[in-house]
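Understanding the architecture of this molecule
Letter by letter, the chains look like this.
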Amino acid sequence: LLDRLLDAAKNRVRVGDAPEMILAQAEFELSRAKSDILGLKREYVSNLAELRVVLSLPPEQEVTLEGRLKKKVSLPDLKALLESALQNRPDLAVRDAERQVAKAEVNLSRSERIPNPEFSVFYSREEGNFNIFGGGVSIPLPFFDRKQGELEQALARKSIADIEYRNLRQTVEKNLRSAWERYRISEAEIDLFGENVLGKFRENLELTQRAYEEGQIEIFEAITAQDRLIEAQVRYFDVLLAFHLARAELEREAALEQ
């Protein structure tokens, strides 16, 4: 854009339609843009290097980015996401397993309080060739050792496990609802700030550049129109980035299968 503006400034100065000072301004704006591009390239190289580290790729391996940032197919509704989180979150699964273990320990402690009956049989032969068979059942009465301490400890562990599971579940549901709201807001922002808005900025810039080339406006007006388009484009990409970050966070909180 600034290359084209500089060419237009040179043409207007050559035909005497504008003072030579506008060339200096046009050249300054072009140099500033080139400097910005170099800074962005350095940032791009740094981001690629960081991406290689995250993906455990060797430094010499080429990384090619494909595709465009755009809206994807809508996610399931909030109810389905909550169900996915409760079923698939590994941290919830761990807490639930701890709760089941604590419950089993309580049942075991209670069963150990019930005495086990002991059965016995005997045989003897008396005078007169009498055979005597018999048996018996003995049930110990635990007057002193009723496993009360073990049971109380097991009940305490079960109570703690239940509380930790319930607290984690509430935290998961809270975070998921917050992530859902951020996702919905960013999705609505994309709808408000989409390609149609950028198209209008591009049309306005085209008209502004033509007006400058024909000598109808001054150079600062053309530069302002260019800055507005660039600002709008950057804003749109920021909105897209926020949308995809919100979507990634929501998928993570819901433990959606990728």
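Summary of the structure given here.

What counts and how
- Residues numbered from 1 in each chain as written.
- Predicted model: local features only at pLDDT ≥ 70, side-chain atom pairs only at ≥ 80, totals over all residues.
- Heavy atoms only, no water.
- Phe/Tyr/Trp six-rings, centres within 6.5 Å; stacked < 30°, edge-to-face > 60°.
- Buried < 20%, exposed > 50% of the residue type's maximum accessible area, 1.4 Å probe, protein only.
- Lys NZ or Arg CZ within 6 Å of the ring centre and 35° of its normal.
- Helix = DSSP H or I, 4+ residues; strand = E, 2+ residues; numbered from the N terminus.
- Salt bridge = Lys/Arg side-chain N within 4 Å of Asp/Glu carboxyl O.
- Core = buried A, V, L, I, M, F, W, Y, C linked by side-chain atoms within 4.5 Å.
- Contact = heavy atoms within 4.5 Å.
- Axes fitted to C-alpha atoms, helices over the stretch in contact; angles between N-to-C directions.
- Parallel < 35°, antiparallel > 145°, perpendicular 65-115°, else oblique.
- Left-handed = near helix turned anticlockwise from the far one by under 90°.
- Nonpolar A, V, L, I, M, F, W, Y, C, P; charged D, E, K, R; others polar.

Before going further, it helps to examine the packing of aromatic side chains. Following the criterion strictly, the structure yields three aromatic pairs and no others. A ring pair is formed by Tyr236 and Phe237, whose centres lie 6.2 Å apart and whose planes are at 50°; its orientation type is tilted. A relative accessible area of 10% places Tyr236 in the buried class. One aromatic cluster is present, built from ring pairs that chain together Trp180, Tyr183 and Phe243. Between Arg12 and the ring centre of Tyr212, over which it is positioned, the NZ or CZ distance is 4.6 Å.

Another point: the environment of Leu108. Structurally, Leu108 is set in helix α4 (residues 90-113). With 43 residues separating them in the primary sequence, Leu108 and Leu151 have C-alpha atoms 8.6 Å apart.

As a rule of thumb, non-glycine residues mostly have phi less than zero, and peptide bonds are mostly trans rather than cis. The phi dihedral of Ser56 falls on the positive side, at around 55°, and the residue is not glycine. Mapped onto the elements of the fold, Ser56 is located in the loop between α2 (21-54) and α3 (78-88). For Ser56, a relative accessible area of 65% gives the class exposed.

Counted under the stated rule, the structure contains 17 salt bridges. For Arg32, the salt bridge is made with Glu29, and the minimal N-O distance between the two is 2.6 Å. Taken together, the residues span about one helical turn, with Arg32 and Glu29 both in helix α2 at a distance of three residues. Taking relative accessible area as the criterion, Arg32 reaches 39% and is therefore assigned partly exposed.

Side chains that are nonpolar tend, in soluble globular proteins, to be buried together. Ranked by internal contacts, the top residues of the largest apolar core, which has 24 residues, are Leu81, Leu176, Trp180, Tyr183 and Leu250. Of all the secondary structure elements, the ones that give two or more residues to this core are α3, α5 (148-192) and α7 (219-254). Apart from residues no more than four positions distant in its own chain, Leu176 is found in contact with Leu81, Leu82, Ala85, Leu250, Glu253 and Ala254. Counting residues in hydrophobic clusters, the runner-up holds 17 residues, among them Leu2, Ile22, Leu23 and Ala26.

Now for the packing of α5 against α7. Taken N-terminus to C-terminus, the directions of α5 and α7 make an angle of 155°; their axes are 8 Å apart at the nearest point. Taken as axis vectors, α5 and α7 run roughly antiparallel relative to one another. Considering how the two elements wind past one another, α5 and α7 form a crossing that is left-handed. From α5, Asn175, Leu176, Ala179, Trp180, Arg182, Tyr183, Ser186, Glu187, Glu189 and Ile190 reach across to α7, where they touch Arg235, Val239, Leu240, Ala242, Phe243, Ala246, Arg247, Glu249, Leu250, Glu253 and Ala254. Among the residues forming the contact of α5 with α7, the class breakdown is 12 nonpolar, two polar and seven charged.

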